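Here is what each chain is made of, one letter per residue.
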Amino acid sequence: MGRAVAKERVRSRLRKNDNVEVISGRDSGKRGRVLQIIPAGNRVLVQGVCFVKKHTKPNPQRNIKGGILEREAPLSASKLMIICGECGKRTRIGFKRLADGRKVRTCRHCEGVLDK
Ligand SMILES: [Zn+2]
């Protein structure tokens, strides 16, 4: 397997603003919206999931108070599944081509289109 091919294969099918559910780990079962896709390491930042405490130093010039800040940390995309807006289930992602030629992601349960 070539290196370029391998890289393409692990690329996440998730996109920004998708609703996802965590399927393993400490936050298993939590749902949230994708804030950011981080291609390096195939990681995803999800709103309200995987909080970590960060210690920050005060920086008056940028109006940052010091202390402990809680914020989301990126998780591996393999721990996430998309939630279908049509049937509400978490699902693997299928693909189909619409009549207008657009390729869209679909729900494997109800065949609903995940891309609006
Ligand atoms: Zn569905």
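As the structure is a prediction and not an experimental result, all values here were calculated from the model.

### Here we look at the coordination of the zinc ion
A four-donor tetrahedral metal ideally has 109.5 degree angles, and a six-donor octahedral metal ideally has angles of 90 or 180 degrees. Every protein donor of the zinc ion is accounted for by Cys-84 (SG), Cys-87 (SG), Cys-107 (SG) and Cys-110 (SG), and the metal-donor separations fall at 2.2 to 2.3 Å. Here the zinc ion is ringed by four donor atoms whose angles at the metal span 105 to 116°, and the overall shape comes out tetrahedral. Mapped onto the sequence, the donors of the zinc ion take the spacing C-x2-C-x19-C-x2-C. Highlighted residues: Cys-84 in the loop between strand 7 (80-83) and strand 8 (90-91) and Cys-110 in the segment after strand 10 (103-107), separated in sequence by 26 residues.

### Examining the nonpolar core
The biggest cluster of nonpolar side chains holds 17 residues, and the ones touching the most others in it are Leu-14, Val-44, Val-46, Leu-75 and Leu-80. Those elements that place two or more of their residues in this core are strand 1 (19-22), strand 3 (43-46) and strand 7. Contacts of Leu-14, omitting those with residues within four sequence positions, involve Val-20, Ile-37, Val-44, Ala-77, Leu-80, Ile-82, Ile-93 and Arg-105.

### Some points on the environment of Lys-89
Of note, Lys-89 is situated in the loop between strand 7 and strand 8. With 21 residues separating them in the primary sequence, Lys-89 and Cys-110 have C-alpha atoms 9.2 Å apart. Contact partners of Lys-89, with chain neighbours within four places excluded, come to Ile-82, Ile-83, Cys-84 and His-109.

The rules behind these values
Residues numbered from 1 in each chain as written. Predicted model: local features only at pLDDT ≥ 70, side-chain atom pairs only at ≥ 80, totals over all residues. Heavy atoms only, no water. Donors = N, O, S within 2.8 Å, 3.2 Å for Na, K, Ca; no water. Tetrahedral: all angles 85-135°; square planar, octahedral: opposite > 155°, others 65-115°. Helix = DSSP H or I, 4+ residues; strand = E, 2+ residues; numbered from the N terminus. Core = buried A, V, L, I, M, F, W, Y, C linked by side-chain atoms within 4.5 Å. Buried < 20%, exposed > 50% of the residue type's maximum accessible area, 1.4 Å probe, protein only. Contact = heavy atoms within 4.5 Å.

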